[in-house]
Amino acid sequence: MTDQHAERRAPAKPPARSTTRPSPGEDWTQWPTYNAATLGFRNYWYPVVWERDIGDKPQAVTLLGEKIMVAREGDKIYALKDRCPHRGVPLSHGRREFPGTVSCAYHGWTFDLESGNLSAVLTDGPESPICGRLSVKTYPVEQRLGLVWIYVGDGEPHPIEQDIPAELLDNDHVMGGKIDLRAGNWRFAAENGFDEGHAKYLHNTALWRLFKVMPAWNKTRVAEVGPWLIRVQDEVHWEADYPGLGTWSNKRWWKRMPLPDAPGKGKSVNPVIAGLDIPGFVSIRLPGLLRVAYPHFIHYEWYVPVDADTVRYVQMMVRFESGAKGLLFKFKYLSAIRWLFHGQFTAQDAWMVDVMDAPPEKLYRPDLSITGWRRLIEKARPKPQPYDPASGSPRA
Amino acid sequence: MTDQHAERRAPAKPPARSTTRPSPGEDWTQWPTYNAATLGFRNYWYPVVWERDIGDKPQAVTLLGEKIMVAREGDKIYALKDRCPHRGVPLSHGRREFPGTVSCAYHGWTFDLESGNLSAVLTDGPESPICGRLSVKTYPVEQRLGLVWIYVGDGEPHPIEQDIPAELLDNDHVMGGKIDLRAGNWRFAAENGFDEGHAKYLHNTALWRLFKVMPAWNKTRVAEVGPWLIRVQDEVHWEADYPGLGTWSNKRWWKRMPLPDAPGKGKSVNPVIAGLDIPGFVSIRLPGLLRVAYPHFIHYEWYVPVDADTVRYVQMMVRFESGAKGLLFKFKYLSAIRWLFHGQFTAQDAWMVDVMDAPPEKLYRPDLSITGWRRLIEKARPKPQPYDPASGSPRA
Amino acid sequence: MTDQHAERRAPAKPPARSTTRPSPGEDWTQWPTYNAATLGFRNYWYPVVWERDIGDKPQAVTLLGEKIMVAREGDKIYALKDRCPHRGVPLSHGRREFPGTVSCAYHGWTFDLESGNLSAVLTDGPESPICGRLSVKTYPVEQRLGLVWIYVGDGEPHPIEQDIPAELLDNDHVMGGKIDLRAGNWRFAAENGFDEGHAKYLHNTALWRLFKVMPAWNKTRVAEVGPWLIRVQDEVHWEADYPGLGTWSNKRWWKRMPLPDAPGKGKSVNPVIAGLDIPGFVSIRLPGLLRVAYPHFIHYEWYVPVDADTVRYVQMMVRFESGAKGLLFKFKYLSAIRWLFHGQFTAQDAWMVDVMDAPPEKLYRPDLSITGWRRLIEKARPKPQPYDPASGSPRA
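Residues numbered from 1 in each chain as written. Chains lettered and ligands numbered in written order. Predicted model: local features only at pLDDT ≥ 70, side-chain atom pairs only at ≥ 80, totals over all residues. Heavy atoms only, no water.

Chain A is annotated in an unreviewed UniProt entry as 3-phenylpropionate dioxygenase of Nonomuraea glycinis.

In structure tokens form, the structure reads like this:
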């Protein structure tokens, strides 16, 4: 999922490095870290559910193939491994008997939400010898941007702020969002998101682009800017003639061209968010977050690994305003953007992510966006979640 | 499934042996016979369907992973391997052309119900050379208690009376019952049945216990009495205080306590069935039969292995009366017990059997009931039905 | 599927060779070519869909385990491997941008329908370096009898006329037909079709036979006549007495016997199609085509392999007439034959093909039809489509 609007803008910062040649290889063995990351990368914070959807009653979520129980106690939200060590019954079926605990539905084994310790066994009395001698794994949890974030990793987590775009933490904003489970591996979703090539053709039929022309084809580079990899358009072509076939363009008489808003043309690029210093129209970063900077708002999407064949697709549309302008945006989101963009437009992406079947693959010039993303990962060397294809679960 | 009512009664007979310590092991390798018994044990009689539900038309059932065709001829019921040896079409699709035979739907291969011999091949004429030279396996069948029982085993079966509780054979009674296929391996169902710990917590919300308090926790032993393993309550506690958490109890103002009916308290324990000399409130025996002796009736449940992930759950509620009292019980069963106990109450057990996931497991004190059951099996050394995990079927 | 009507006729030509003894083996290792042909045989033309159902919009079909995209351009129909080599998206999701091409829905990779060459990449401009350097496999396609035929094979295909019965190419006719996907391997469908034994018993209850008696049992030979293997009835028995069981027959008071139409009885056998010199009532040929010659029309059925567990069942009923007689037949087909014969009658076959489970198998005398068919294949040595049981797909 991306959109080509105003892609000819140069990045706000000069790119640190650029690459132009996609690899000719057909499989993923040249990207071993990426190739191993069927279930994503450990040691990151992932957004999982809306804060407002978590109450006292335990709920089950799956993250990087790990089954996790989530429940609220007052303002705080807790996450525990969703398996009672006694007989393997999911704690998400459990009940809440005492504050700060969850009790397994089967025998009343009662775990402390904070520590995971077995603090009481209701069917074995107060002197139950097993009490205090067992615990279930707990997961660090944070609440930011209205979302519940869970850290899947080893040791103490880093501050969650490192995994959230700075502009979202430092500025007033309003937002609307949508969380869906979608078919397909998270890597296909991420590649589709940063993919330079597809939008011009696939989204040609999207209602979101009904009145705005998209380019026909571009010449593109990718560049690293801080944690982000960005796409830079060196050339933008609005139509092309294919000898022996005909002309192809997204232009239609009823569609308007993007404004001549490139830097140097004497017009503000991005009146609202320019001050935020957002480099690039489309950018991606680890562990799988895409940012698309429209003139008046920014779209974010997280590709949160669920299992080998499912991705949790967390979409947010953000406007950096407050007060009446903010309220108006909220209304615009709920009445239009949610259905046109977070709905029909990205459903076209979901369709492709579902039917895609690679490797093997044959890459073409615009796929330098995809190979750039894979290369970024190989350089950063995040830790793949171990995966056992036979069971479809994380390997112990 | 069990119920805690009146559990403080001592067994009618002194236990032959008792054990108090569950094993600390996390897997089942220390119980090799049990561990191998995914599809149950051979050389037993199993109840399968109601007599009244079997007519002339062949029906298919699965038992210990074996596919079996069942059909009636007059008063007699027959069971044959449900596969025509010709081309593998199930005989349960067949038709009844001649008395005492079943004909495969495909080519009219006609098998004698009693012997399994191929006695005619309708599409090859009376002199068909294959006639009399083939047979399909037959299974011993008996009818008792309104049920069709099938023996899966090797050689001549022992008398079925050995596999039916004596009190059911020797006394007048009325009964109501229910047969369901339920998700989960038969061993989880059996363990859940004899499990000392779960009822107090899981069935806390059962309508069946709406007006009767259950204990909060017990100290329990198990003991062998003849073929049965029984649970013996050494201590019964009706509430408990968990430091730092609070008090937990099944008591509610509207629930009444069980009567002070323990032996020596000058009150009949079990006015109706005491004469039957039923030891223990809850008892279990091979190949997987649970008995729960309420003051006025006895509940039986058989865990009949179907396949690795399905159990045939045969429930019976029996009152040892006849005449008007019997009729009244029948009415009580159909109007209430069937829905409250054989329905909603044991559906809670079915839920747990379905979501349970062990080994690994961590056992606690009340699980001496489960380890006692496993130990009983290791001592008895019944023959596990061979199982091929790859095909999910019995190994040839 | 077959029907016993008038089976006592001798073949029009003397059989080239005959066999009478089915093999006693229980598995298929003695027929190695057949045993390997889970996905059918390469190097044949197969009927796949009706011409009239293929338009501009690409459609997906599976043939011998291969996924194929089919689309029309004017009068011509094309078939390409249904996988864009870029990222594996099926071309059958694609769009038609330029005449004679199909464009992948994802990035607009545009392939020439005739050659399969990548002739344009809409999202990479006219100078895209990958253009002209890739192609997708194309399949030879022909249109005959209102059907689209696809050749799955190696090298140049032989003329399609070799795979279509000559009488259909050389004579005026009208026809009605039905194409279904049915459960079961194509070999079970083919064996069922040519099977001498089953119709007398299985189709006993078919409405199609409601008013016509079928034999009770026959003595049969098979014989090769050109590419066909035919069944020859040496004896036809209309009822039989099974000692100790009773009499069995398809005769009923309301059913009429077939006319005494055997050769030499002074009556035309097959007034309409006799001139066509059709040998045998039922005949079969490679790669899996059955022909049943009724007095006034011929039924054909093709068993087209889809995958290991699915067969495309192509049925045609043909009358060799034109003008008013032809029109009348068309009406008779649509109002009756389609529902009685191509519907309920062959649905009984589909049922058996679905539940059949062989090998192992035990064959009987009438199965010389099946072993004759297998032997024909071993002699002809067609090339099995390589099959990988692990993936369920053709092995590369």
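What follows continues from the structure just given.
All names here are of chain B. For the pair helix α3 (residues 186-194) and helix α6 (residues 368-380), interaxial distance at closest approach is 8 Å and the crossing angle is 125°. The angle between the axes of α3 and α6 places the two elements in the oblique class. Here the hand of the crossing between α3 and α6 comes out right-handed. Residues W186, A190, E191 and F194 of α3 pack against S369, I370, W373 and R374 of α6. Residues of the contact of α3 with α6, tallied by class, amount to 5 nonpolar, 1 polar and 2 charged. (Axes fitted to C-alpha atoms, helices over the stretch in contact; angles between N-to-C directions. Helix = DSSP H or I, 4+ residues; strand = E, 2+ residues; numbered from the N terminus. Parallel < 35°, antiparallel > 145°, perpendicular 65-115°, else oblique. Left-handed = near helix turned anticlockwise from the far one by under 90°. Contact = heavy atoms within 4.5 Å. Nonpolar A, V, L, I, M, F, W, Y, C, P; charged D, E, K, R; others polar.)

What follows covers the nonpolar core. The biggest cluster of nonpolar side chains holds 106 residues, and the ones touching the most others in it are W109(B), F111(B), L63(C), I150(C), Y300(C), M316(C) and W373(C). Contacts of Y300(C), omitting those with residues within four sequence positions, involve P165(C), E167(C), L168(C), L289(C), L290(C), R291(C), V314(C), Q315(C), M316(C), V318(C) and F320(C). (Core = buried A, V, L, I, M, F, W, Y, C linked by side-chain atoms within 4.5 Å. Buried < 20%, exposed > 50% of the residue type's maximum accessible area, 1.4 Å probe, protein only.)

Moving on, we get to the interface of chain C and chain B. Facing the 38 residues of chain C at the interface are 32 residues of chain B. Together chain C and chain B conceal approximately 2900 Å² of surface at their shared face, both sides included; 59% is due to carbon and sulfur atoms. Broken down residue by residue, the surface that chain C buries against chain B is led by Y201(C), L245(C) and Y364(C), which jointly contribute 27%. Joining chain C to chain B, the criterion identifies 18 residue pairs in polar contact (both at pLDDT 80 or more). Among the elements of the structure, α3 (186-194), α4 (199-202), β15 (239-242), β16 (246-249), α5 (323-355) and α6 (368-380) of chain C are those that each provide at least two residues to the side of chain C that touches chain B. For the side of chain C that touches chain B, the class distribution of residues is 21 nonpolar, 7 polar and 10 charged. (Buried area = accessible area lost by both parts, 1.4 Å probe. Polar contact = N/O pair within 3.5 Å; in protein donor to acceptor, adjacent residues only side chain to side chain.)

A word on the sheet that holds strand β6 (residues 101-103) of chain A. All names here are of chain A. Strand order across the open sheet formed by 3 strands is β6-β7-β8, with antiparallel pairing between neighbours. Each of the sheet's edge strands pairs with one partner strand only, and the pair in question is β6 and β8 (118-121). Pairwise comparison of adjacent strand axes, ignoring direction, gives a mean angle of 25° for this sheet. Pairing of β6 with strand β7 (residues 109-112), which is carried by 3 bridges, proceeds in the antiparallel orientation. By the bridge assignment, V102 is partnered in β7 with F111. (Pairing = 2+ DSSP bridges.)

Turning our eyes to something else, we now look at the sheet that holds strand β4 (residues 66-73) of chain B. Think of a sheet as strands paired side by side through backbone hydrogen bonds, with each pair either parallel or antiparallel. Residues and elements named next belong to chain B. Ordered in space as β3-β4-β5-β9, the 4 strands form an open sheet in which the pairing is antiparallel. Bordering the open sheet on either side are β3 (59-63) and β9 (138-139), each of which pairs with just one other strand. The sheet contact formed by strand β5 (residues 76-81) and β9 spans 2 bridges and is antiparallel. Within β9, the position partnered with A79 by the bridge is Y139.

We now examine the relation of the copies chain C and chain B. The transform that puts chain C on chain B rotates by 120° and translates by 0.1 Å along the axis, for an RMSD of 0.1 Å. The operation mapping one copy onto its partner corresponds to a three-fold rotation axis. Ranked by how close their C-alpha atoms come to the rotation axis, the residues of chain C are headed by A390(C), at 7.3 Å. (Least-squares fit on C-alpha atoms with pLDDT ≥ 70 in both.)

What follows deals with the packing of aromatic side chains. Scanning the model with the defined rule gives 55 aromatic pairs over all chains in all. Through successive ring pairs, a cluster of aromatic residues spans W208(A), F281(A), Y294(A), F297(A), F329(A), F341(A) and F345(A). Taking the ring centre of W228(A) as reference, the NZ or CZ of R291(A) above it sits at 3.8 Å. Stacked on the ring of W339(C), the Lys or Arg R338(C) has its end atom at 5.7 Å from the ring centre. (Phe/Tyr/Trp six-rings, centres within 6.5 Å; stacked < 30°, edge-to-face > 60°. Lys NZ or Arg CZ within 6 Å of the ring centre and 35° of its normal.)

Next up on the list: the side chain of S92(A). All names here are of chain A. Relative to the elements of secondary structure, S92 occurs in the loop between β5 (76-81) and β6. Classification of S92 by relative accessible area gives buried; the value is 12%. If we ignore the near neighbours within four places in the chain, the residues touching S92 are P58, Q59, A60, M69 and D82.

Residues and elements named next belong to chain C. Counted as a void, the largest pocket has a volume near 900 Å³. Listing elements by their share of the lining of the largest pocket, those giving two or more residues are β4 (66-73), β19 (298-307) and β22 (393-394). Grouping the amino acids of the lining of the largest pocket by side-chain chemistry returns 13 nonpolar, 7 polar and 13 charged. (1 Å grid on protein atoms, 1.4 Å probe; cavity = no way out; pocket = protein on both sides within 12 Å on 5 of 7 lines; lining within 4 Å. Points joined across faces, edges and corners; volume = space filled by probe spheres on them.)

Take the pattern of salt bridges next. For the coordinates displayed, the defined rule picks out 72 salt bridges over all chains. Between D234(A) and R221(A) there is a salt bridge, with the nearest N and O atoms lying 2.8 Å from each other. Here the residue D234(A) occupies a position in strand β14 (residues 228-237), and R221(A) occupies one in strand β13 (residues 217-225), the gap between them amounting to 13 residues. Measuring nitrogen to oxygen at the nearest pair gives 3.9 Å for the salt bridge that ties R182(C) to D180(C). When sorted by exposure, R182(C) lands in the same class as D180(C), which is buried. Three or more residues are tied together by salt bridges with common partners; here these are R42(A), E66(A), D154(A) and K383(A). (Salt bridge = Lys/Arg side-chain N within 4 Å of Asp/Glu carboxyl O.)

Here we take up the interface of chain C and chain A. How big an interface is tends to be stated in terms of the accessible area lost upon association of its parts. Contacts between the two partners involve 32 residues from chain C, matched on the other side by 38 residues from chain A. Together, the buried faces of chain C and chain A total about 2900 Å²; carbon and sulfur atoms form 59% of this surface. Where chain C packs against chain A, one counts 4 salt bridges. There are 18 residue pairs in polar contact (both at pLDDT 80 or more) connecting chain C and chain A. Within the residue set of the side of chain C that touches chain A, elements represented by two or more residues are β6 (101-103) and β8 (118-121) of chain C. A total of 3 residues in the side of chain C that touches chain A trace back to one element, the largest contributor, which is β8(C). Per-class residue counts for the side of chain C that touches chain A are 15 nonpolar, 11 polar and 6 charged.

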